[in-house]
Protein chains: 2
Amino acid sequence: MIHPSIILIRPQMGENIGAAARAMANFGVRDLRLVAPRDGWPNPKASDMAGRALNIIDDATLHATTAEALADCSYVLATTARDRAMNLPVLDMHAAMRELHKQQAAGGKCAILFGPERTGLENEDVIHANAVVTIPVAPEYASLNLAQAVVIACYEWWVGRPLGTDIGPEHVMLAPAGEMAGQEHTPPAPREQLEGLFGQFEMALDAVNFWRVPAKKEVMWRNIRAALTRAEFTAQEVATWRGIIKALSSNKSQ
Amino acid sequence: MIHPSIILIRPQMGENIGAAARAMANFGVRDLRLVAPRDGWPNPKASDMAGRALNIIDDATLHATTAEALADCSYVLATTARDRAMNLPVLDMHAAMRELHKQQAAGGKCAILFGPERTGLENEDVIHANAVVTIPVAPEYASLNLAQAVVIACYEWWVGRPLGTDIGPEHVMLAPAGEMAGQEHTPPAPREQLEGLFGQFEMALDAVNFWRVPAKKEVMWRNIRAALTRAEFTAQEVATWRGIIKALSSNKSQ
């Protein structure tokens, strides 16, 4: 079965990485990606905690940046304890994992981002996401352990899978007849294509001094990116937009 | 709010008891009962792991038998990895926690039983239950950690609680489980604002001869519009995008 990548951003405790791997194994999720873990990698504490899920730890990939870790991903969810004013859709975990299955059925490569234990995801990480997922918690004890957040995500992903998809170790997932009928849904472009578009776009806006007040650029640019990410451009659309930006800004050099 | 009792039967690892307490606290569950814990009680390892949920550990009650631990309970669920041939209803966790809320609304006192780490519940424990709850797991890695099973139960209980039941001391605003949480961002701009943006955009693309082959314009333009419509721009975002297009194409008139 196609399964999402679990991306831990700057995780602090090796034990939590190991416990996350075990939770992934419980629910048939295997691809673990680590962005700049605090204590380096490999980490014996992660291996010790992983138990029989050691293969997930051994196969985990190490990345320097969030962008690098999700370069091949087309649909990305960012887990946060609280809603963010990021102009992104906010889903609960149950709804989010069902959306993930739809994206996967359409051929998309999905990833779920988890932030560091103490602080959660930074805005610069959330900016890569198509949507924010919240796990509702009791307000008097709102700090959810990292591995437990991974448990809940993987559990909801697993129970939300379409029936009949877990036969055989790598059984190919077929969308239930009817649900996908009539939907001609091309998956969103991989993130690295989107990043290419954003890079070009940002340079074009810089070149025309779009921001005027430099201090405003960060928030404005984040909102522009969020709006375009929300649109879930296909690879074809990314190419079209690169052409648009090039055409609109080409006059400068004339 | 009325909440279920979590009953750990012959738990082995103090760390798991502490992690269970933390998971309970995350989801507003407070009553922990222990039946014959292997390493006695109190257990410093449980306290160490509990973090800020220490009060749950301190208030936990110790019982010699399962029957004693659930003496005041009217509706009892037994968690098992596999179905048991016990002639009991078998529910998944999602359905089970919703049943629990019904029982609680009718004045029932509810409990959820969890067995020892290695073996799970014995039949002599399950016999006390009104129903069996299974947590589906991947067949190739079916042993779910005790604390993680408690996480999933408490999470499903919390997201399944009826709306309006958590207003008061434990106030929190939450969207209904299973539905898309209300999107926090402002509603999309009215269509006429979007049309204004499209009109400006189309003129800008015409001005730079973006289409090249005129026959292709109709389909290309339709796709560009569709992608932007999908993004559900707010009124503020429409204004931003009008500014972007103006800035990018301003060089022409210079």
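Residues numbered from 1 in each chain as written. Chains lettered and ligands numbered in written order. Predicted model: local features only at pLDDT ≥ 70, side-chain atom pairs only at ≥ 80, totals over all residues. Heavy atoms only, no water.

Participant: Summarise the overall build of chain A; cite the residues concerned and give the values.
Facilitator: Scanning chain A for helices and strands turns up 10 helices and seven strands. Within chain A, the fraction of its 254 residues that count as buried is 59%. For chain A, restricting intrachain contacts to residue pairs at least 6 apart in sequence, the fraction spanning at least 24 positions comes to 83%. (Helix = DSSP H or I, 4+ residues; strand = E, 2+ residues; numbered from the N terminus. Buried < 20%, exposed > 50% of the residue type's maximum accessible area, 1.4 Å probe, protein only. Contact = heavy atoms within 4.5 Å.)

Participant: Report on the domain arrangement of chain A, specifying residues and quantitative values.
Facilitator: Residue and element names in this part refer to chain A. Each assigned domain of chain A is listed with its residue range as follows: domain 1 (5-159) and domain 2 (191-253). Contacts between the two partners involve 16 residues from domain 1, matched on the other side by 10 residues from domain 2. Carbon and sulfur atoms make up 47% of the area that domain 1 and domain 2 hide from each other, which totals about 1,200 Å². Here domain 1 is connected to domain 2 by zero salt bridges. The tally of links from domain 1 across to domain 2 stands at eight residue pairs in polar contact (both at pLDDT 80 or more). Grouping the amino acids of the side of domain 1 that touches domain 2 by side-chain chemistry returns 10 nonpolar, six polar and no charged. (Domains from an automatic or database assignment. Buried area = accessible area lost by both parts, 1.4 Å probe. Salt bridge = Lys/Arg side-chain N within 4 Å of Asp/Glu carboxyl O. Polar contact = N/O pair within 3.5 Å; in protein donor to acceptor, adjacent residues only side chain to side chain. Nonpolar A, V, L, I, M, F, W, Y, C, P; charged D, E, K, R; others polar.)

Participant: So what's going on with helix H8 (residues 191-207) of chain A? Which residues, and what values?
Facilitator: Here H8(A) spans 24 Å end to end across 17 residues, near enough to the 24 Å set by a 1.5 Å rise per residue. Every buried residue of H8(A) is listed here: A:Arg191, A:Leu194, A:Leu197, A:Phe198, A:Gln200, A:Phe201, A:Ala204 and A:Leu205. Buried residues along H8(A) sit against strand E4 (75-80), helix H9 (217-230) and helix H10 (235-249) of chain A together with helix H10 (235-249) of chain B. Of the residues flanking the end of H8(A), it is A:Asn209, one or two places downstream, whose phi is positive at about 55 degrees. (Expected span 1.5 Å × (residues − 1).)

Participant: Report on the confidence of the model for chain A, specifying residues and quantitative values.
Facilitator: Residues and elements named next belong to chain A. On average, residues of chain A score 86 in pLDDT, and 88% of them reach the 70 mark or higher. Counting interchain partners and residues more than four positions distant, the pLDDT-below-50 stretch residues 167-184 has 17 contacts. In the predicted complex, the global pTM is 0.78; the interface-specific ipTM is 0.74. (pLDDT = per-residue confidence, 0-100.)

Participant: Account for the interface of chain B and chain A, naming residues and giving values.
Facilitator: On the side of chain A, 62 residues touch chain B, which itself brings 67 residues to the contact. Considering only the side of chain B, the residues that lose the most area to chain A are B:Asn26, B:Tyr141 and B:Leu248, jointly responsible for 14% of the buried surface there. Between the two partners, chain B and chain A, sit three salt bridges. As a salt-bridge pair, B:Glu237 and A:Arg230 come within 2.8 Å of each other at their nearest N and O atoms.

Participant: Please set out the environment of A:Leu163 residue by residue, giving values where relevant.
Facilitator: Among the secondary structure elements, A:Leu163 is positioned in the loop between helix H7 (146-159) and H8. For the pair formed by A:Leu163 and A:Ala21, sequence separation is 142 residues and the distance between their alpha carbons is 24 Å.

Participant: Give me the pattern of salt bridges: which residues, what numbers.
Facilitator: On inspection of all chains with the given rule, the structure shows 21 salt bridges over all chains. Through salt bridges with shared partners, a single network forms among A:Asp31, A:Arg33 and A:Asp72.

Participant: Help me get a handle on the environment of A:Leu197, residues and values and all.
Facilitator: Residues and elements named next belong to chain A. For Leu197, the position within the fold is in helix H8. Expressed as a C-alpha distance, the spacing of Leu197 and Gly243, which sit 46 residues apart in the sequence, is 9.7 Å. Sequence-distant contacts of Leu197, defined by excluding residues within four places in its chain, comprise Phe233, Val238, Trp241, Arg242 and Ile245.

Participant: So what's going on with the sheet that holds strand E3 (residues 61-63) of chain A? Which residues, and what values?
Facilitator: All names here are of chain A. If you walk across this open sheet you meet the seven strands as E3-E2-E1-E6-E4-E7-E5, and the pairing is parallel. The two strands at the open ends of the sheet, each matched to only one other strand, are E3 and strand E5 (90-92). Sheet twist, expressed as the average angle between the axes of neighbouring strands with direction ignored, equals 30 degrees. Relative to strand E6 (residues 110-114), strand E1 (residues 5-9) runs parallel, the two being bridged by four bridges. Bridging from a neighbouring strand, Leu8 pairs with Phe114 of E6. Across the sheet, helix H5 (residues 93-105) is in contact with E4, E5, E6 and strand E7 (131-134); its angle to E4 comes to roughly 165 degrees. (Pairing = 2+ DSSP bridges. Axes fitted to C-alpha atoms, helices over the stretch in contact; angles between N-to-C directions.)

Participant: Break down unusual backbone geometry for me, with residues and values.
Facilitator: Residue and element names in this part refer to chain A. Between Trp41 and Pro42 the backbone carries a cis peptide bond, its omega angle lying at 0 degrees. On the secondary structure map, Pro42 appears in the loop between strand E2 (31-35) and helix H2 (44-50). With a phi angle near 45 degrees, Arg10 is a residue other than glycine that sits in the positive phi range. Looking at the element boundaries, Arg10 is found in the loop between E1 and helix H1 (14-26).

Participant: I'd like to hear about the sheet that holds strand E7 (residues 131-134) of chain B, residue by residue, with values.
Facilitator: Residue and element names in this part refer to chain B. Read from one edge of the open sheet, seven strands run E3-E2-E1-E6-E4-E7-E5, paired in parallel fashion. Where the open sheet ends on each side, the last strands, each with one partner, are strand E3 (61-63) and strand E5 (90-92). Here the strands of the sheet are splayed against their neighbours by 30 degrees on average, with no regard to which way each runs. As paired elements, E5 and E7 share three bridges and run parallel to each other. By the bridge assignment for E7, Asp92 is matched with Thr134.

Participant: Mind laying out H7(A), listing which residues take part and the relevant values?
Facilitator: All names here are of chain A. Between the first and last C-alpha of H7 there are 20 Å, a value that for 14 residues agrees with the 20 Å anticipated at 1.5 Å per step. Counting buried residues along H7, 13 of its 14 residues qualify, which places the element largely inside the surrounding structure. Looking at where H7 begins, the residue whose side-chain oxygen comes 2.9 Å from the main-chain nitrogen of Ala147 is Asn145.

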